[in-house]
Amino acid sequence: MILTIEDDEVVVYELRRHWFDIVSVALFLFVIATLPFFLVMSLITSGGVILPAGVKIILLFLFTIWFLMMWIVFSIKWTDYYLDTWIITNKRVIDIDQQGLFRRDVAAVRIENIQDIKVRVFGVIPTLLKLGDIHLQTSGEAREFELERAMNPEDAKHVIQKLMDEKANEVKTVKMQKEEAVI
Amino acid sequence: MDKTKIQALLNGMPEIISPAIMWIIFSIAFVVTLIFSIAIIYHFREYASAHHKRLVLAEKIFIVVTTVILLCALALLIIFTI
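Residues numbered from 1 in each chain as written. Chains lettered and ligands numbered in written order. Predicted model: local features only at pLDDT ≥ 70, side-chain atom pairs only at ≥ 80, totals over all residues. Heavy atoms only, no water.

**Student:** So what exactly am I meant to see when it comes to the interface of chain A and chain B here?
**Tutor:** If you look at the interface, chain A gives 42 residues, while chain B gives 40 residues. Summing both partners gives a buried area of about 3600 Å² for chain A against chain B, and 81% of it is carried by carbon and sulfur. Of all residues in chain A, A:Ile58, A:Phe61 and A:Trp71 bury the most surface against chain B, accounting for 18% of the area lost on that side. In this assembly, chain A and chain B are joined by 0 salt bridges. Between the two partners, chain A and chain B, sit 3 residue pairs in polar contact (both at pLDDT 80 or more). Contributing elements (two or more residues each) for the side of chain A that touches chain B: β1 (11–16), α2 (55–83) and β2 (85–89) of chain A. The element contributing the most residues to the side of chain A that touches chain B is α2(A), with 20 residues. Of the residues contributing to the side of chain A that touches chain B, the split by class is 31 nonpolar, 8 polar and 3 charged. (Contact = heavy atoms within 4.5 Å. Buried area = accessible area lost by both parts, 1.4 Å probe. Salt bridge = Lys/Arg side-chain N within 4 Å of Asp/Glu carboxyl O. Polar contact = N/O pair within 3.5 Å; in protein donor to acceptor, adjacent residues only side chain to side chain. Helix = DSSP H or I, 4+ residues; strand = E, 2+ residues; numbered from the N terminus. Nonpolar A, V, L, I, M, F, W, Y, C, P; charged D, E, K, R; others polar.)

Here's what the structure looks like:
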């Protein structure tokens, strides 16, 4: 499902998840990946355990395999993080929701169908790093658009608000022109 | 778990984990890595459009790092088998 942008459509803003999200995942996985190694090392250095001949290579091999698995998990998480995005054009807001490797939802809402934008920044770190959730309420039966832990959600809100105002003015002008033509 | 139990576990390790078992572990890890690598690289290439510019670089980094870790594991395995 590749994203297609219409010819007269211009990408105004790209909203992604905050880098803090993937950095915290990376740190957690790094600790998990290196934990067995440091555990064995601490046992050896404390003097209580002696490594028999041949065991060193076995342990190093097992640690390497473990590290490889953690690297694969991180790569999946990064793919999920990077492909989860909102693309705001002058006509639509396109929500690409990547869930793992094998599930991807792409939905779009036209600017004129957006009813409400809600931004939620909660906590000290999110406030300092400008990290928050953004929700779009749309008219009709379209689902609610949501991007959690987004980067600079306030900026995105302002961009969408501006596009909504422009669209409203456009509609107003067309209406007035039609009324003048009738008179 | 106290230190004597850990020492006993480490002493018994070479008898339990033979080169054949290590080759099996490596093969399983290799197959799992291969399957997920194909899926990840497929995503990187499929969506490497104008909106996901970093995917080309990410693919290169992913391939290099995965290959290096796999080669390290293979080298250790060969050293152990010899």
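Moving on, there is more to tell.
**Student:** How should I be thinking about a nonpolar patch on the surface in this particular structure?
**Tutor:** Residue and element names in this part refer to chain A. A grouping of Trp19, Phe20, Val23, Leu27, Val124, Ile125, Leu128 and Met151 is seen on the molecular surface, where their side chains present a nonpolar patch of about 760 Å² in accessible area. Secondary structure elements with two or more residues in the nonpolar patch: α1 (19–45) and α3 (124–129). Sort the elements by how many residues they give to the nonpolar patch and α1 lands first, with 4 residues. If you trace the backbone, Met151 turns up in strand β7 (residues 145–151). Among the residues examined, Met151 registers a relative accessible area of 30% and is labelled partly exposed. (Patch = residues over 30% accessible without salt bridge, like charges linked within 9 Å, V, L, I, M, F, W, Y side chains within 5 Å. Areas by Shrake-Rupley, 256 points an atom, 1.4 Å probe, with all protein chains shown as cover. Buried < 20%, exposed > 50% of the residue type's maximum accessible area, 1.4 Å probe, protein only.)

**Student:** I keep staring at the packing of α2(A) against helix α1 (residues 3–16) of chain B and nothing clicks. Help me out?
**Tutor:** Between α2(A) and α1(B), the least distance of the axes is 9 Å, while the angle of their chain directions is 85°. Put simply, α2(A) runs roughly perpendicular to α1(B). Mapping the contact onto sequence places A:Val55, A:Ile58 and A:Leu59 in α2(A) and B:Leu10, B:Met13 and B:Pro14 in α1(B). (Axes fitted to C-alpha atoms, helices over the stretch in contact; angles between N-to-C directions. Parallel < 35°, antiparallel > 145°, perpendicular 65-115°, else oblique.)

**Student:** Just checking my understanding: could you explain the sheet that holds β2(A) for this structure?
**Tutor:** As a general point, the strands of a sheet are linked pairwise by backbone hydrogen bonds and lie either parallel or antiparallel. Residue and element names in this part refer to chain A. Taken together, 4 strands build an open sheet; the order of strands is β1-β2-β3-β4 and the sheet is antiparallel. Two strands in the sheet have a free side with no partner beyond their single neighbour: β1 and β4 (103–110). The average angle at which neighbouring strand axes cross in this sheet is 15°, direction not considered. Two strands pair when backbone bridges link them, and β1 and β2 are joined in this way by 5 bridges, in the antiparallel orientation. Directly across from Glu14, in β2, lies its bridge partner Ile87. (Pairing = 2+ DSSP bridges.)

**Student:** Would you take a moment to explain the sheet that holds strand β5 (residues 114–120) of chain A for this structure?
**Tutor:** Residue and element names in this part refer to chain A. The antiparallel open sheet is built from 3 strands, whose spatial order is β5-β6-β7. Each edge of the open sheet carries a strand with a single partner, namely β5 and β7. Each neighbouring strand pair of the sheet contributes to a mean axis angle of 15°, computed without reference to strand direction. Both strand β6 (residues 131–138) and β7 contribute to a ladder of 5 bridges, which runs antiparallel. For Leu136, the partnering residue across the bridge sits in β7 and is Phe145. Across the sheet, helix α4 (residues 153–182) lies against β5, β6 and β7, angled at about 165° from β5, the strand it touches most.

**Student:** Can you walk me through the nonpolar core in this structure?
**Tutor:** Among soluble globular proteins, nonpolar side chains are generally buried collectively. Within the largest apolar cluster, 39 residues are counted, with the highest numbers of intra-cluster contacts made by A:Phe61 and A:Trp78. Elements represented by at least two residues in this core include exactly α1 and α2 of chain A together with α1, α2 (19–46) and α3 (55–81) of chain B. For this core, the leading source of residues is α2(A), giving 14 residues. Excluding residues that lie within four positions of it along the chain, A:Phe61 makes contacts with B:Met22, B:Ile25, B:Phe26, B:Ala73, B:Leu76 and B:Leu77. Of all hydrophobic cores here, the second largest spans 21 residues; its members include A:Leu15, A:Ala107, A:Leu147 and A:Met164. (Core = buried A, V, L, I, M, F, W, Y, C linked by side-chain atoms within 4.5 Å.)

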